[in-house]
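Residues per chain are reported as follows:
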Amino acid sequence: MDELKLFTIDKAIGGNQDWFTDYWMKLGGCGAVTACDICIYLSLYFGKKLLYPYNLAQISKKDYINFSNIMKPYLSPRVTGIDTLEIFMDGFKDYLADNGEKNTNFAGIYSNCSLINFKNAVCAQIDKKMPVPYLNLKHKDPELSDYVWHWFWLAGYKKTGDNLMVKAITYGAEHWLSLDDLWDSGYERKGGIVLIDAK
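Residues numbered from 1 in each chain as written. Predicted model: local features only at pLDDT ≥ 70, side-chain atom pairs only at ≥ 80, totals over all residues. Heavy atoms only, no water.

A.B. asks: Lay out the overall build of the chain in plain terms, naming residues and giving numbers.
C.D. replies: Tallying secondary structure elements over the chain gives six helices and nine strands in all. In terms of overall size, the chain behaves like a compact globule, its C-alpha atoms giving a radius of gyration of 16 Å where 199 residues would be expected to give roughly 16 Å. Seen along its three principal axes, the alpha-carbon backbone of the chain occupies a region of about 40 × 35 × 30 Å. Counting every position in the chain, which comprises 199 residues, the buried fraction comes to 51%. Of all intrachain contacts in the chain linking residues separated by at least 6 positions in sequence, the fraction that spans at least 24 positions is 63%. As displayed, the chain offers around 9300 Å² of accessible surface, 51% of which is attributable to carbon and sulfur atoms. Computing the positive centroid from 22 side-chain charges and the negative centroid from 24, the chain places the two 4 Å apart. (Helix = DSSP H or I, 4+ residues; strand = E, 2+ residues; numbered from the N terminus. Rg over C-alpha atoms; globule rule 2.2 N^0.38 Å. Buried < 20%, exposed > 50% of the residue type's maximum accessible area, 1.4 Å probe, protein only. Contact = heavy atoms within 4.5 Å. Areas by Shrake-Rupley, 256 points an atom, 1.4 Å probe, with all protein chains shown as cover. Lys, Arg positive; Asp, Glu negative; His and termini not counted. Charge placed at Lys NZ, Arg CZ, Asp CG, Glu CD.)

A.B. asks: Any chance you could break down a negative patch on the surface for me, citing the residues and the numbers?
C.D. replies: Taken together, Glu 86, Asp 90, Asp 94 and Asp 98 make up a surface patch of like negative charges. Relative to the assigned elements, Asp 90 resides in helix H4 (residues 85–98). (Patch = residues over 30% accessible without salt bridge, like charges linked within 9 Å, V, L, I, M, F, W, Y side chains within 5 Å. Salt bridge = Lys/Arg side-chain N within 4 Å of Asp/Glu carboxyl O.)

A.B. asks: Please set out the pattern of salt bridges residue by residue, giving values where relevant.
C.D. replies: Oppositely charged side chains are able to pair whenever their charged atoms sit close together. Tallied over the entire structure, the rule returns nine salt bridges. For Arg 189, the salt bridge is made with Asp 83, and the minimal N-O distance between the two is 3.0 Å. One end of the pair, Arg 189, is in the loop between helix H6 (179–183) and strand E9 (192–198); the other, Asp 83, is in the loop between helix H3 (61–71) and H4, and 106 residues separate them in sequence. Taking the relative accessible area as the measure of exposure, Asp 83 reaches 11% and is therefore buried. Among the salt bridges present, the one from Lys 167 reaches Glu 174, with a minimum N-O distance of 3.7 Å. For Lys 167, a relative accessible area of 4% gives the class buried. Among the charged side chains, a network of salt bridges with common partners joins Glu 3, Lys 167 and Glu 174.

A.B. asks: How would you sum up unusual backbone geometry? Please name residues and give values.
C.D. replies: Although it is not a glycine, Asp 10 adopts a positive phi angle of roughly 50°. Structurally, Asp 10 can be placed in the loop between strand E2 (8–9) and strand E3 (12–13). Positioned with a positive phi, Trp 149 is a non-glycine residue whose angle comes to about 55°. Looking at where Trp 149 falls in the secondary structure, it is placed in the loop between strand E5 (132–136) and strand E6 (150–160). Residue classification places Trp 149 among the partly exposed residues on the basis of a relative accessible area of 34%.

A.B. asks: So what about the packing of helix H2 (residues 30–45) against H4? Which residues, and what values?
C.D. replies: Orientation of H2 relative to H4, taken along the N-to-C sense of each, is 45°, at an axis distance of 11 Å. Looking at the two axes, H2 sits oblique to H4. Seen from above, H2 lies across H4 with right-handed handedness. In contact with Gly 31, Thr 34, Ala 35, Ile 38 and Cys 39 of H2, H4 contributes Phe 88, Phe 92 and Tyr 95. Grouping the constituent residues of the contact of H2 with H4 by class yields six nonpolar, two polar and no charged. (Axes fitted to C-alpha atoms, helices over the stretch in contact; angles between N-to-C directions. Parallel < 35°, antiparallel > 145°, perpendicular 65-115°, else oblique. Left-handed = near helix turned anticlockwise from the far one by under 90°. Nonpolar A, V, L, I, M, F, W, Y, C, P; charged D, E, K, R; others polar.)

So, in structure tokens, the structure goes:
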């Protein structure tokens, strides 16, 4: 079992797109929220202070909403959503570059790979204390309806028999989900994860 340090914003764990007053960001700002959360995490725990332009000692909802508006041009909501890893990585890279960050790189793994490779990649990232952005597209399991066509991030894992449970951070809360179930979407077109390498 391994879990990352988390941060709170007015008692919420990470950001929440429901806070936004911008209609499109409230509807489809999950990619931007995930990037904002990752920036705060890297600022807090990897010393990359340029990535979050507000007070890290007390992260407020007001500052977070302002930050999301800074991130919006890089990962703006669109009709089909940020529905590939490449769209997310390209937008996030542009934000990092514009803020002087040159030592953080990304690689994407779609979940059409084997389950064991997918599990190993998630565990390896969290073992390195690195959050894992996750894109989930359509899914056959109605219990995962809140995660359909949605970006969130993983902040921990624990093994229960052959099953791997992961801690998902989204909508200002943490939820333990089965990575086996997430991976097995039942659809040909799949989401995936982004691997972050920050030096």
